[in-house]
Amino acid sequence: DFTRIAIISPDMAAGLGDFQREATKLENLNLCYFQYYTAQFQGVIASNQIIAAVEAVTQDHSKHSFDALVILRGGGAVIDLAWLNEYALAKKICNCPFVVFTGIGHERDNTILDEIANLRFDTPSKVIAYVFNRITENAGMAIRHANEIATESHRLWSTMQHNIFKQFTFITHKAEYDIHHTQRTMEQWYHQSFQQAKSSLTLVEANLINGLDRIWESSQVSIYTVMAVLKKNWQYFQEIY
């Protein structure tokens, strides 16, 4: 994507106005920032001035990086293109730490800069159109991706919600079954315990009754024995006295 772009062009170049007209729209929307550098593109000093401008861009790039460097001219005589075919200038462009685009302004005639640039455009207007379209396409792609993420998130949420509901229903039914099963088990245990306790009480009661009967019988025997002894002693006492 493009957020910061450096431009090197002649001062008041023919195609610079066309470029800036569209670039200003992007800047006003805070989508892309453009920083402009000037250099002479004709004459014996053209190569040195462009090299100096590239060095200035590189220095600024180390402070706040650029996404691309655009070299613009926009029209002019074909013979003037010769000033751009310098080895030192070509080497400087090849060593740039950022993408380089050219919009020299000639459809058929290429310079060395056009040959080594990452992308070569016929006019400055086509350069800014490419940048504009790339930003627009990336924004559209981001919107599509956001919609896809939202759709997939909604699908996943619905799936998770359905699975959670299934799990909740399963757990609820399982809990209800376990409660009923436990309740039935407790009732059975209660009835069994009650019957066992009842049987034990009945047995104890029978044992107590039998014990009381034996005690009563034994007591009766003892009483009869004592009474017989007393009666015998009483008779003996009467005979003596």
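Everything that follows concerns the structure shown earlier in this document.
Thresholds, definitions, all that
- Residues numbered from 1 in each chain as written.
- Predicted model: local features only at pLDDT ≥ 70, side-chain atom pairs only at ≥ 80, totals over all residues.
- Heavy atoms only, no water.
- Salt bridge = Lys/Arg side-chain N within 4 Å of Asp/Glu carboxyl O.
- Helix = DSSP H or I, 4+ residues; strand = E, 2+ residues; numbered from the N terminus.
- Buried < 20%, exposed > 50% of the residue type's maximum accessible area, 1.4 Å probe, protein only.
- Expected span 1.5 Å × (residues − 1).
- Contact = heavy atoms within 4.5 Å.
- Core = buried A, V, L, I, M, F, W, Y, C linked by side-chain atoms within 4.5 Å.
- Lys, Arg positive; Asp, Glu negative; His and termini not counted.
- Polar contact = N/O pair within 3.5 Å; in protein donor to acceptor, adjacent residues only side chain to side chain.

This part covers the pattern of salt bridges. The final tally for this structure, using the stated rule, is seven salt bridges. Put simply, Lys-25 and Glu-22 hold a salt bridge, and the shortest N to O gap is 3.4 Å. One end of the pair, Lys-25, and the other, Glu-22, are both in helix H1 (residues 16-28), three residues apart, so they sit about a helical turn from each other. Taking the relative accessible area as the measure of exposure, Lys-25 reaches 43% and is therefore partly exposed.

For the rest of this paragraph, the subject is helix H5 (residues 124-240). With 117 residues, H5 extends 166 Å between its outermost C-alpha atoms, agreeing within 8% with the 174 Å of an ideal straight helix rising 1.5 Å per residue. For H5, every residue scored as buried is listed here: Pro-124, Val-127, Ile-128, Val-131, Ile-135 and Gly-211. Along its buried surface, H5 packs onto strand S1 (4-9), H1, strand S2 (33-38), strand S3 (68-72) and strand S4 (99-103).

Within the largest apolar cluster, 22 residues are counted, with the highest numbers of intra-cluster contacts made by Ile-8, Val-57, Leu-69, Ile-71 and Ile-93. For this core, the secondary structure elements donating two or more residues are S1, helix H2 (46-63), S3 and helix H3 (87-94). The biggest single contributor to this core is H2, with five residues. For Ile-93, the contacting residues outside a window of four places in its chain are Val-54, Ile-71, Val-100, Leu-113 and Ile-116.

Looking at the element boundaries, Asp-114 is found in helix H4 (residues 112-116). Here Asp-114 occupies a buried position and makes no salt bridge, while the nearest side chain of opposite charge, Arg-120, is found at 4.0 Å. There is a polar contact of 2.7 Å between the side chain of Asp-114 and the side chain of Thr-102.

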